[in-house]
Amino acid sequence: ALVKLPITMAQLHKLKQLDVGGNRLVELPEFIGDMRNLESLWALDNSIATLPNSIGELKALRELCVGNNKLHKLPECIGELHALEKLDAYNNMLAHLPHSVGHLHAVKQLDVRHNKLTQLPSSIGEMSALYHLGTLDASENALTHLPKSIGKLHSLHTLYVFNNKLTELPESFGELKTLHKLW
């Protein structure tokens with residue numbers, strides 16, 4: 001199992017897909033940002049505690065899958081990944097999501113289940129811009145409420161919020177006309 005990625009990987013300028021899942025990585029190196037043609041980065045099932053700020057340089061990235069790691073936070077630069085369509089950060093130790101997550105206008109699928117989230121950022125309503133967020137899984141967290149802005153997600157069809165500490169849903173919930181699955 002890999003414990004470190006060699007710096008020579010930074011020279012793989014044509015690499016589009018990188019899967020380093022199921023290893024013993026504790027970090028993704030800063031040079032990952034030099035791999036500018038990456039479209040898919042899978043680093044599932046490792047022990048990664050932080051993501052490098054250089055990840056914001058991956059402008060072609062469409063999929064970022066970092067589930068089942070030890071992430072305590074996502075870097076603010078995550079919002080610079082304007083091509084990102086899928087963000088899987090499930091089963092980590094995330095206590096909050098950065099405000100910049102609202103800048104991810106191309107994301108269709110956001111999976112942050114099984115973390116330690118107590119709230120979703122109000123900027124989440126901004127994710128409705130281009131391709132529209134269709135699936136949001138925030139189940140198995142410690143959410144006490146959902147932001148009013150969730151009603152702006154007019155293309156949301158699937159929302160998982162079970163196993164949280166929710167006592168009510170915001171009035172804006174009635175604006176989710178395309179919602180067909182709520183758990």
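Just above sits the structure.
Residues numbered from 1 in each chain as written. Predicted model: local features only at pLDDT ≥ 70, side-chain atom pairs only at ≥ 80, totals over all residues. Heavy atoms only, no water.

So, the overall build of the protein
Here comes step 1: A count of helices and strands for the protein gives 0 helices and 8 strands.
Here comes step 2: Tracing the protein from N to C terminus, the helices and strands come up as β-β-β-β-β-β-β-β.
Here comes step 3: Its C-alpha atoms give the protein a radius of gyration of 16 Å, within 12% of the compact-globule value 16 Å for 183 residues.
Here comes step 4: Within the structure as shown, the protein displays about 8,900 Å² of accessible surface, and the carbon and sulfur contribution to it stands at 52%.
Here comes step 5: Charge separation in the protein, taken as the distance between the mean sites of 18 positive and 19 negative side-chain charges, equals 2 Å. (Helix = DSSP H or I, 4+ residues; strand = E, 2+ residues; numbered from the N terminus. Rg over C-alpha atoms; globule rule 2.2 N^0.38 Å. Areas by Shrake-Rupley, 256 points an atom, 1.4 Å probe, with all protein chains shown as cover. Lys, Arg positive; Asp, Glu negative; His and termini not counted. Charge placed at Lys NZ, Arg CZ, Asp CG, Glu CD.)

Section: the sheet that holds strand β5 (residues 109-111)
Here comes step 1: Spatial ordering of the open sheet is given by β1-β2-β3-β4-β5-β6-β7-β8, a layout of 8 strands whose pairing is parallel. Two strands lie at the open edges of the sheet, namely β1 (17-19) and β8 (181-182), each paired on one side alone. (Pairing = 2+ DSSP bridges.)

Some thoughts on the environment of I32
Here comes step 1: By the element assignment, I32 lies in the loop between β1 and β2 (40-42).
Here comes step 2: Since its relative accessible area comes to 0%, I32 is described here as buried.
Here comes step 3: Sequence-distant contacts of I32, that is, excluding residues within four places in its chain, are made with L18, L41, P52, S54 and L58. (Buried < 20%, exposed > 50% of the residue type's maximum accessible area, 1.4 Å probe, protein only. Contact = heavy atoms within 4.5 Å.)

Examining the pattern of salt bridges
A side chain of one charge can pair with a side chain of the opposite charge when the charged atoms of the two come close.
Here comes step 1: Scanning the model with the defined rule gives 7 salt bridges in all.
Here comes step 2: The salt bridge involving K16 is made with E39; its shortest N-O contact spans 3.5 Å. A residue pair is termed long-range when its members are at least 10 positions apart, and K16 in the segment before β1 and E39 in the loop between β1 and β2 qualify at 23 residues.
Here comes step 3: Assessed through its relative accessible area of 43%, K16 is described here as partly exposed.
Here comes step 4: Looking at E39, the relative accessible area reads 22%, which means it is partly exposed.
Here comes step 5: When the shortest N-O distance is used, the salt bridge between E39 and R62 registers 3.3 Å. Placement of the pair is E39 in the loop between β1 and β2 and R62 in the loop between β2 and β3 (63-65), with a sequence separation of 23 residues.
Here comes step 6: Connected via shared salt-bridge partners are K16, E39 and R62. (Salt bridge = Lys/Arg side-chain N within 4 Å of Asp/Glu carboxyl O.)

Some words on the nonpolar core
Here comes step 1: Judged by nonpolar contacts, the single largest core of 51 residues is most densely connected at L41, L64, L110, L120 and L136.
Here comes step 2: When residues no more than four places from it in sequence are discounted, the contact partners of L41 are L18, L28, I32, I55, L58, L61, E63, L64 and C65. (Core = buried A, V, L, I, M, F, W, Y, C linked by side-chain atoms within 4.5 Å.)

Here's the deal with the environment of D34
Here comes step 1: Mapped onto the fold, D34 is located in the loop between β1 and β2.
Here comes step 2: According to the relative accessible area criterion, D34 is partly exposed, its value standing at 39%.
Here comes step 3: As for D34 and S47, which are separated by 13 residues in sequence, their C-alpha atoms are 22 Å apart.
Here comes step 4: Beyond its immediate chain neighbours, meaning those up to four positions away, D34 contacts A10 and H13.

Section: the environment of I124
Here comes step 1: Looking at the element boundaries, I124 is found in the loop between β5 and β6 (135-137).
Here comes step 2: For I124, a relative accessible area of 0% translates into the label buried.
Here comes step 3: Here I124 is in contact with L110, L136, P147, S149 and L153, once residues within four sequence places are set aside.

Some details on the packing of aromatic side chains
Here comes step 1: This structure, assessed with the given rule, holds 2 aromatic pairs.
Here comes step 2: Taking 5.5 Å as the distance between ring centres and 75° as the angle between the ring planes, the aromatic pair formed by Y160 and W183 counts as edge-to-face. One end of the pair, Y160, is in strand β7 (residues 158-160); the other, W183, is in the segment after β8, with 23 residues separating them in the sequence.
Here comes step 3: Exposure remark for W183: the relative accessible area of 53% places this residue in the exposed category.
Here comes step 4: In textbook terms, an aromatic cluster arises when at least three aromatic residues are bridged by ring pairs, as seen for Y160, F162 and W183.
Here comes step 5: Lying across the ring of Y90, R113 places its NZ or CZ 4.4 Å from the centre. (Phe/Tyr/Trp six-rings, centres within 6.5 Å; stacked < 30°, edge-to-face > 60°. Lys NZ or Arg CZ within 6 Å of the ring centre and 35° of its normal.)

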